[in-house]
Amino acid sequence: MTSLGGLRAVTSAYTVSIHYDRRLYRQDIAGSIAHARMLAKQGIITSEDAAAITQGLREIEREIEDGKFAWRPELEDIHMNVENRLHEKIGDAAGRLHTARSRNDQIALDIRMFVKDAIGEVLAAILDLRTSLVGQAESNADAVMPGYTHVQRAQPVLFAHHMLAYFEMLGRDAARFRQAFDRADVMPLGSGALAGLPYPIDREFVARELGFSRISRNSMDAVADRDFLIDFQSAAAICMMHISRLAEELVLWSSDEFAFLRISEEYTTGSSIMPQKRNPDFAELARGKTGRVYGGLTALLTLMKGLPLTYNRDMQEDKEGFFDTYDTLFATLQIFADMVAKMSIMPYRMREAARGSYVLATDIADYLVNKGMPFREAHGVVARLSRYAVDRGVQFEQLSLDEYRQFSTLLDEDALEISVDSSVAARDVPGGTAFTRINQAVADAKAELEAENDG
Ligand code: ARG
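Residues numbered from 1 in each chain as written. Predicted model: local features only at pLDDT ≥ 70, side-chain atom pairs only at ≥ 80, totals over all residues. Heavy atoms only, no water.

Draft legend 1. Layout of the site of the ligand. Taken together, the residues surrounding the ligand are Ser17, Asp77, His79, Arg103, Asn104, Ile107, Tyr311, Gln316 and Lys319. Taking Asp77, its side chain carries an N or O atom lying 3.1 Å from a nitrogen atom of the ligand. Contact distances for the ligand include 2.5 Å between an oxygen atom and a side-chain N or O atom of Lys319. Relative to its unbound accessible surface of 340 Å², the ligand loses 87% to contact with the protein. Per-element tally for the shell around the ligand: the top contributor is helix α6 (residues 103-139), with three residues. Its residues placed into classes, the shell around the ligand shows two nonpolar, four polar and three charged. (Near = heavy atom within 4 Å. Polar contact = N/O pair within 3.5 Å; in protein donor to acceptor, adjacent residues only side chain to side chain. Areas by Shrake-Rupley, 256 points an atom, 1.4 Å probe, with all protein chains shown as cover. Helix = DSSP H or I, 4+ residues; strand = E, 2+ residues; numbered from the N terminus. Nonpolar A, V, L, I, M, F, W, Y, C, P; charged D, E, K, R; others polar.)

Take a look at the structure:
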């Protein structure tokens, strides 16, 4: 049994959120200043009071930024901490700030503003990572590697093609974050506790002051809605899923088994007992941290499930997971942008892996198809040819024309010229891995990045 004093400490700590919602101070203060200016403009408070409030809030912001603000857990949250301090500074005028406002629409405003800023940061970091991917594609334009299915060498592809696949994934991630931004970009203040307010307020003015493109249309929805946070968490979960796949490939490719690339020293660490090892810890941690980001999404969906309208205190639990997701994703993107830019590719090893395998089997089948054989039949011929080569422990290129022709007399001299390069070059369709297609894809990607940098 806990002592009564111990229990008191637990109960009073239970409702406190200031240790994490203090991160919303800038948004909270900007929202309050816009609100006070609106109240004065509408004649709801005097302009003297509004000026005192604005001045006091600016000072409080500076105190917080200088680390001089005394946070008080007994005041529970960011709103009460700021308002209380304002009262200490300007006296009774502080009591007029909360006219025509509730903490319910205030917190909805604060988080929406924070999410919009967070998305701006995330989009910039995604852009950096996409830039690094294109950079690697461009500087290793003729590196040929085996493409994989089932982690089995399947067909030769350009390393650049592989990098640009991640460029595409992250492009969709950016689009999802832009959609999340659009849905967060709705100004909820003026909803009051839930029903709207009995004052002649100007909501559009507040929206303009705070850079929102529109105001919410239903006061009950406005205080009860956290979809915009779920949008962020879900876009983040998908983005981390993509990064975890890239992370996994960097782990594999930097191993001695593959040795396709080396991760720069600053993103590896030594083993405590095996001096020869350089472990790809950053890639591994990114892969692992994907779990907590999924956790944030699951927690928020579960938190919101079945909540009756409108505000419920449960919703205070929306923030920690969101902050953690934002911090995790943002750091991961920044690290990957730099790690990808600095990794060194070993094209020779990639090419050897593509050559020392049977990745040209499909090309031989395609050769037979071009000579008129139905694909299914060609597939059977090449399966037998492959088994013959595998049994003798040789590559296709080590077989003689006579050996080839035991499997089909359609195979002529030029079948011996099928190579990883001819295989890549042949895949000259939109979206294919041919050199010309990838050169164009790199150029298109760079144009897209440039447009985004300008936009
Ligand atoms: N700290 C609260 C939250 O984060 C602010 C809103 C509180 N509203 C209320 N009616 N208790 O949700």
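Now that the structure has been shown, the text picks up again.
Draft legend 2. Inspection of the pairing of strand β1 (residues 144-149) at higher detail. Pairing geometry for β1 and strand β2 (residues 152-158), over six bridges, is antiparallel. Note on β2: the bridge partner recorded for Val144 is Leu158. (Pairing = 2+ DSSP bridges.)

Draft legend 3. Main features of the nonpolar core. Judged by nonpolar contacts, the single largest core of 105 residues is most densely connected at Phe177, Phe232 and Leu333. Counting 32 residues, the second largest nonpolar core, distinct from the first, contains Ala34, Ile60, Phe69 and Val82. (Core = buried A, V, L, I, M, F, W, Y, C linked by side-chain atoms within 4.5 Å. Buried < 20%, exposed > 50% of the residue type's maximum accessible area, 1.4 Å probe, protein only.)

Draft legend 4. Main features of the packing of helix α4 (residues 47-65) against helix α5 (residues 78-90). For the pair α4 and α5, the least separation of the axes is 9 Å and the interaxial angle reads 115 degrees. Between α4 and α5 the crossing geometry is right-handed. Side by side, α4 and α5 meet where Ala52, Ile53, Gly56, Leu57, Glu59, Ile60 and Glu63 of the first sit next to Val82, Arg85, Leu86, Lys89 and Ile90 of the second. For the contact of α4 with α5, the residue count by class is seven nonpolar, one polar and four charged. (Axes fitted to C-alpha atoms, helices over the stretch in contact; angles between N-to-C directions. Left-handed = near helix turned anticlockwise from the far one by under 90°. Contact = heavy atoms within 4.5 Å.)

Draft legend 5. Seen up close, α5. Helix length check: α5, at 13 residues, gives a terminal C-alpha distance of 18 Å against a target of 18 Å (1.5 Å per residue), a fit within 8%. Taken residue by residue, α5 has Ile78, His79, Asn81, Val82, Glu83 and Leu86 as its buried positions. On its buried face, α5 is in contact with α2 (18-21), α3 (25-41), α4 and α6. The opening residue of α5, the one whose side-chain oxygen lies 3.3 Å from the backbone nitrogen of His79, is Asp77. (Expected span 1.5 Å × (residues − 1).)

Draft legend 6. Seen up close, the pattern of salt bridges. The full count for this structure, using the stated rule, is 38 salt bridges. Of the charged contacts, one joins Arg37 and Glu209 as a salt bridge, the two residues approaching to 2.8 Å between their closest N and O atoms. Highlighted residues: Arg37 in helix α3 and Glu209 in helix α8 (residues 203-209), separated in sequence by 172 residues. Residue Arg37 is classed as partly exposed on the basis of its relative accessible area of 40%. For Glu209, a relative accessible area of 36% corresponds to the partly exposed category. Arg214 serves as the salt-bridge partner of Asp182, at 3.6 Å between the closest nitrogen and oxygen. (Salt bridge = Lys/Arg side-chain N within 4 Å of Asp/Glu carboxyl O.)

Draft legend 7. Region of the structure containing the packing of α6 against helix α10 (residues 227-253). Where α6 meets α10, the closest approach of the two axes is 11 Å, and the angle between their N-to-C directions is 20 degrees. By the criterion of interaxial angle, the relationship of α6 to α10 is roughly parallel. By crossing handedness, the relation of α6 to α10 is classed as left-handed. Side by side, α6 and α10 meet where Ala108, Ile111, Arg112, Val115, Ala118, Ile119, Val122, Ile126 and Leu133 of the first sit next to Phe228, Leu229, Phe232, Cys239 and Leu246 of the second. Looking at the contact of α6 with α10 residue by residue, the classes come out as 13 nonpolar, no polar and one charged. (Parallel < 35°, antiparallel > 145°, perpendicular 65-115°, else oblique.)

Draft legend 8. Molecular detail of unusual backbone geometry. Note the cis peptide between Leu309 and Thr310, where omega equals 5 degrees. By the secondary structure assignment, Thr310 is in the loop between α11 (281-304) and α12 (319-342). The backbone of His150 shows a phi angle near 55 degrees, a positive value even though the residue is not glycine. Looking at the secondary structure, you find His150 in the loop between β1 and β2.

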